[in-house]
Amino acid sequence: MTPHDFRSLDLNLLRVFDTVMAEGSLTRAADKLAITQPAVSNAMRRLRDALGDELLVRQGHGVQPTPRALTLWPVVREALGNLQQSLAPDKFDPATATLTVVLAMADATASTLVPNLVPLVEREAPHLSIRIVPLTTRDPRGLLDAEAADMAVGHFPAVLADLTARAQAGTLVPHEHRRLYDGEYVAVMRKDHPLAWMPLTLEHYCAAKHLLVSFSGRAYGFIDEALAALGRERRIVLTVNQYTTAARVVSQSDLVTVLPRHFVPITGIQHQLQVHPLPLEVQAVHVDALWHKRGPNRAAYEWLLQALNRATLKAFSQ
């Protein structure tokens, strides 16, 4: 498309294109736009002619986007969203809002934040509903893109590094993030574990039997990456997907696990556990909120982030 062609392009076609891509169906897009299906088909034909690409290929009862359409859609969606936000900004009044907000968190994060978040919601947003769903991945962008969650809260170092690299390269970045709190990981075992009352050396640590908290079930985590860099390894006997489960298992076994230090008191069995600094250098616990710029309840996100920040401060001041 030349600059002259762009100046003559009907920008309404981009709105139709965005809706078709979001719905994956011409019929559903027509219903969403309150126009006829032939009108949607005609708009897509005009856009296809203007861009010189099929954009959509029929597949079964729906349509399959071409590679060009997949590349173009995030740019179009971002531009339309920014234009709408400028011309008709969303309003959010927590006192009257009746939204349901979905947060994806691991159990350690939820145990830290949710007890202090609930009183804020009850007091300031009494009609707001919050659903907590399990966070089962270190890269929740697919969950956010599919609008299965409004916000994910957790430790996403690889995701944040990728977002930073994309932004520095001038690539469209559809997700935003904000740091909530920092912490550290520690080795945790039962009080009468053979290693409980001696300095935890790297030799002792590698020789022990380990429990790994793994969202995916894969028996390899960031500790193993740090050990591999030192030419060492450990034996993982068991993987679980919850920190609470990990704490209870090690309290009754000879396994050693790794937990965020701030989570140990939250387990409720702190008196049964012994905590040691890890005998190797590992990344800090950076817990961030991550969300899609065009999320389904984006008008509520700024208030929600402020509420999460206040819940964090309350949790760490107790």
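Procedures and definitions
Residue numbers restart at each chain and count upward from 1, following the sequence in its written direction. Whole-chain, interface and lining totals are the exception, using all residues; otherwise, since this is a predicted model, local features are given only for residues with pLDDT of at least 70 and side-chain atom pairs are given and counted only at 80 or more. By convention in this description, side-chain values take in all heavy atoms of the structure and omit both hydrogens and water. Only DSSP runs of H or I covering at least 4 residues are called helices, and only runs of E covering at least 2 are called strands; the numbering of each starts at the N terminus. Each helix should span, by expectation, one fewer than its residue count multiplied by 1.5 Å. Each residue gets one of three labels from its accessible area relative to the maximum for its type: buried under 20%, exposed over 50%, partly exposed in between, using a 1.4 Å probe on protein chains only. Regarding the arc, it is the one traced by the directions from the helix axis to the C-beta atoms. Salt-bridge detection follows one rule: a side-chain nitrogen of Lys or Arg within 4 Å of a carboxyl oxygen of Asp or Glu.

Undergrad: Break down helix α4 (residues 37-51) for me, with residues and values.
TA: Working note: α-helix, 3.6 residues per turn, so residues spaced by three or four point in the same direction. An ideal rise of 1.5 Å per residue puts 21 Å on 15 residues; α4 measures up with 21 Å between its terminal C-alpha atoms. Three or more residues of α4 are buried, namely Val40, Ala43, Met44, Leu47 and Leu51. Down the axis of α4, the sector holding all buried residues measures 95°, keeping them to one side. At the C-terminal side of α4, Gly52 shows a positive phi close to 70°.

Undergrad: Could you give an account of the pattern of salt bridges, with specific residues and numbers?
TA: Within this structure, the stated rule accounts for 17 salt bridges. Among the salt bridges present, the one from Asp139 reaches Arg141, with a minimum N-O distance of 2.9 Å. We classify Arg141 as buried; its relative accessible area is 16%. Glu203 is the salt-bridge partner of Arg232, the closest N and O atoms lying 3.2 Å from each other. Linking Arg232 in the loop between α10 (222-229) and β9 (235-240) with Glu203 in helix α9 (residues 202-207), this pair joins segments that are 29 residues apart in sequence. A network of salt bridges, in which partner residues are shared, links Asp139, Arg141, Asp162 and Arg166.

Undergrad: I'd love a proper account of helix α3 (residues 26-33), names of residues and values included.
TA: Within α3 the residues assigned to the buried category are Leu26, Ala29, Ala30 and Leu33. Projected down its long axis, α3 carries its buried residues within an arc of 100°, all on one side. Opposite its buried face, α3 presents the exposed residues Asp31 and Lys32, each directed more than 90 degrees away. Remark: Ala34 follows α3 within two positions and exhibits a positive phi of approximately 60°.

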